[in-house]
Amino acid sequence: VADRDPPDLPATVAGMVQARLDALDSETRRVLRAGTVYGQVFWAGGVSPLLGVGSESASVAARLKAAIAHEVVDRHTDAIFPGEVEYAFRHAIVRDTLYDTLTERDRTLAHRLAGTWLEEMGARDAAALAEHFERGSEPGHAMRWYLRAAEDALGGHDLEACIAYADRGAACGAAGETLGQLRLVQAEAHAWKGEPA
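Residues numbered from 1 in each chain as written. Predicted model: local features only at pLDDT ≥ 70, side-chain atom pairs only at ≥ 80, totals over all residues. Heavy atoms only, no water.

(A) Summary view of the sheet that holds strand S1 (residues 41–43). The 3 strands lie next to each other as S1-S3-S2, forming an open sheet whose pairing is antiparallel. The open sheet has two free edges, formed respectively by S1 and strand S2 (73–75), since each of these has just one partner strand. Pairs of neighbouring strands in the sheet enclose a mean axial angle of 30°, with direction left out of account. The sheet contacts of helix H2 (residues 26–36) involve S1, S2 and strand S3 (86–89), and relative to S3 the element is tilted by about 90°. (Pairing = 2+ DSSP bridges. Helix = DSSP H or I, 4+ residues; strand = E, 2+ residues; numbered from the N terminus. Axes fitted to C-alpha atoms, helices over the stretch in contact; angles between N-to-C directions. Contact = heavy atoms within 4.5 Å.)

Okay, here's the thing in structure tokens:
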């Protein structure tokens, strides 16, 4: 608001956020939109595959530097992926506002590409990978990751999450051995909960 002359206050917080984002050039907004697909935290190397042909890492880095200057994102000193630069949106509402500008078709493709990139990077969050592939219309990949997420949750004694992940994997069209594995893990969680029925 202080940057405006004369200053005027948008009617909603979302309007304020949108006004702040409108101050960024279109390419910076495009880079940030790609980052939103990963969630609150994203990586410079993960943004490039989502942007397509002609998105060199130097250009992405320059756009992210501009986003830092406009106080939209922060750069983390430590990244979970070696050799990657990690960023985080300063506020969830900024991330949500940008994510909402993606078309449904773009979201589907972006989640598929994000899941593939995370998989190649050796990401360990099975639930996040499953969700990316589910949102990316890749049910085969999603059900396998939901199985892993259910197993991880069972191992961590999070029985409710285990049951939920197994259900989500089954809902992705699991059949045969994969469905059997999902239901076996789920049955074990129910047994630990004292729910034999």
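(B) Representation of the packing of aromatic side chains. Throughout the structure, instances matching the rule amount to 8 aromatic pairs. Relative to Tyr87, the ring of Phe42 has its centre 5.7 Å away and its plane inclined at 20°; by these criteria the two rings are stacked. With a gap of 45 residues between them, Phe42 in strand S1 and Tyr87 in strand S3 connect regions that are remote in the sequence. Comparing Phe42 with Tyr87, the two get one shared label, buried. (Phe/Tyr/Trp six-rings, centres within 6.5 Å; stacked < 30°, edge-to-face > 60°. Buried < 20%, exposed > 50% of the residue type's maximum accessible area, 1.4 Å probe, protein only.)

(C) How the structure looks around the environment of Val37. Residue position: Val37 is located in the loop between H2 and S1. For Val37, a relative accessible area of 3% translates into the label buried. In sequence terms Val37 and Gly156 are 119 residues apart; their C-alpha atoms lie 27 Å from each other. If sequence neighbours within four positions are ignored, Val37 has contacts with Leu50, Tyr99, Leu102, Ala110, His111, Ala114 and His132.

(D) The arrangement of the packing of helix H3 (residues 44–51) against helix H6 (residues 104–120) in detail. Taken N-terminus to C-terminus, the directions of H3 and H6 make an angle of 140°; their axes are 9 Å apart at the nearest point. Relative to H6, the element H3 lies oblique. Relative to H6, H3 is oriented so that their crossing is right-handed. Mapping the contact onto sequence places Gly45, Gly46, Pro49 and Leu50 in H3 and Ala110, Leu113, Ala114 and Trp117 in H6. Counted by class, the contact of H3 with H6 contains 6 nonpolar, 2 polar and no charged residues. (Parallel < 35°, antiparallel > 145°, perpendicular 65-115°, else oblique. Left-handed = near helix turned anticlockwise from the far one by under 90°. Nonpolar A, V, L, I, M, F, W, Y, C, P; charged D, E, K, R; others polar.)

(E) Quick look at the side chain of His132. Of note, His132 is situated in helix H7 (residues 126–135). Here His132 is in contact with Val37, Tyr38, His111, Arg112, Ala114, Gly115 and Leu118, once residues within four sequence places are set aside.

(F) Representation of the pairing of S3 within the structure. Here S3 shows a buried face lined by Glu86 and Ala88 and a second buried face lined by Tyr87 and Phe89. Sheet topology places S1 next to S3; 3 bridges connect them, and they run antiparallel. Across the sheet, residue Phe42 finds its bridge partner in S3, namely Tyr87. Alignment of S2 against S3, held across 3 bridges, turns out to be antiparallel. Each residue of the ladder has a partner; that of Asp74, found in S3, is Ala88.

(G) Summary view of the nonpolar core. Judged by nonpolar contacts, the single largest core of 55 residues is most densely connected at Leu32, Phe42 and Val72. Looking at this core element by element, the count peaks at 9 residues for helix H8 (residues 139–155). Filtering out sequence-adjacent residues up to four positions away, Val72 remains in contact with Leu21, Leu24, Leu32, Ala67, Ala88, Phe89, Arg90 and Val94. (Core = buried A, V, L, I, M, F, W, Y, C linked by side-chain atoms within 4.5 Å.)

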